[in-house]
Amino acid sequence: MTELKRIMHVEDDPSIQAVAKVALEVVGGFTVETCNGGEEALQRFTSFAPQLILLDVMMPGMDGPSTLKQLQQDHDLSTVPVVFMTAKVQASEIQSYKALGAADVVVKPFDPMALSDQIRSIWRGFGQS
C-alpha cells in the first residue's frame, strides 16, 4: 500500500486551519495544502495532487458536499479518500456524507494529537471494503 504523504485540507476557519496543519505536518509528518474554500480546492487539486482530502462540511459559498460533487465531476477520486470534518455527527448525517462518497467523517473539535493516527487509519481502510 502506498504511504500517505499529501493531504488537501479545505477549511474556512483560520484557527482550525492552523491547528490541523500543525497536527498533520508536525505530529503526522504529512505535507498539507490548506484551501480556504471549495473554489480554491477545485483550482489547486490538479497541481497539488492530494492523496486524501479533509473537507469541512459548513463553509460559505461552496459547502463541503457541493465541493465533493464538483471534484467527483472533474476528477477520478477512486483512489483519493475524502473525509468530511464536521461538528454535526448524527448517525443519519454521517450516512448521508458516506452516501455522497465520503470515506469517513472526523468530528470537530478533533484531538490534534490523535488526528494524524485517525487519518492514517482511514487511509489504511480506504478501498479495503
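Presented here is an overview of the structure given in this document. (Residues numbered from 1 in each chain as written. Predicted model: local features only at pLDDT ≥ 70, side-chain atom pairs only at ≥ 80, totals over all residues. Heavy atoms only, no water.)

Within the structure shown, the criterion is met by one aromatic pair. Geometrically, the ring pair formed by Phe84 and Tyr97 is tilted, given 5.0 Å between the ring centres and 50 degrees between the ring planes. Residue Phe84 is found in strand β4 (residues 82–86), and its partner Tyr97 is found in helix α4 (residues 91–100); the two are separated by 13 residues along the sequence. A single burial state applies to Phe84 and to Tyr97, both of which are buried. (Phe/Tyr/Trp six-rings, centres within 6.5 Å; stacked < 30°, edge-to-face > 60°. Helix = DSSP H or I, 4+ residues; strand = E, 2+ residues; numbered from the N terminus. Buried < 20%, exposed > 50% of the residue type's maximum accessible area, 1.4 Å probe, protein only.)

Turning to the packing of helix α1 (residues 14–27) against helix α5 (residues 112–125), a few remarks are in order. α5 packs onto α1 with a crossing angle of 65 degrees between their chain directions and a minimal axis gap of 8 Å. Judged by the sense of rotation from one axis to the other, the crossing of α1 with α5 is right-handed. Contacts between α1 and α5 involve Val19, Ala20, Ala23, Leu24 and Val27 on the former and, on the latter, Pro112, Met113, Leu115, Ser116 and Ile119. Along the lines of polarity and charge, the residues of the contact of α1 with α5 split into nine nonpolar, one polar and no charged. (Axes fitted to C-alpha atoms, helices over the stretch in contact; angles between N-to-C directions. Left-handed = near helix turned anticlockwise from the far one by under 90°. Contact = heavy atoms within 4.5 Å. Nonpolar A, V, L, I, M, F, W, Y, C, P; charged D, E, K, R; others polar.)

Every regular strand shows the same layout, with side chains that alternate between the two sheet faces. Of all five residues making up strand β3 (residues 52–56), five are buried, and the element is well covered by its neighbours. On β3, burial covers both faces: Leu52, Leu54 and Asp56 on one face and Ile53 and Leu55 on the other are all buried. Note: strand β1 (residues 6–10) against β3, four bridges, orientation parallel. Within the sheet, the bridge partner assigned to Met8 lies in β3 and is Ile53. For the crossover from β3 across helix α3 (residues 64–74) to β4, the handedness is right-handed. (Pairing = 2+ DSSP bridges. Right-handed = clockwise from strand over helix to strand, strands pointing away.)

Here we come to the side chain of Glu40. Along the chain, Glu40 turns up in helix α2 (residues 38–48). Take Glu40: its relative accessible area is 18%, and that puts it in the buried class. Residues in contact with Glu40, not counting those within four places in the same chain, are Thr34 and Cys35.

This next bit is on the pairing of β1. Counting buried positions over the five residues of β1 gives four, a clear majority of the element. As judged from the five bridges shared by β1 and strand β2 (residues 31–35), these two strands associate in the parallel manner. Note on β2: the bridge partner recorded for Met8 is Glu33. Running through α1, the crossover from β1 to the neighbouring parallel element β2 is right-handed.

According to the stated counting rule, one finds five salt bridges in the structure shown. One salt-bridge network, held together by shared partners, links Glu11, Asp56 and Lys108. (Salt bridge = Lys/Arg side-chain N within 4 Å of Asp/Glu carboxyl O.)

Let us now look at unusual backbone geometry. Backbone torsion omega between Lys108 and Pro109 reads -5 degrees, so that peptide bond is classified as cis. Phi angles above zero are rare outside glycine, and Ala49 is one such case at about 50 degrees. One can find Ala49 in the loop between α2 and β3.

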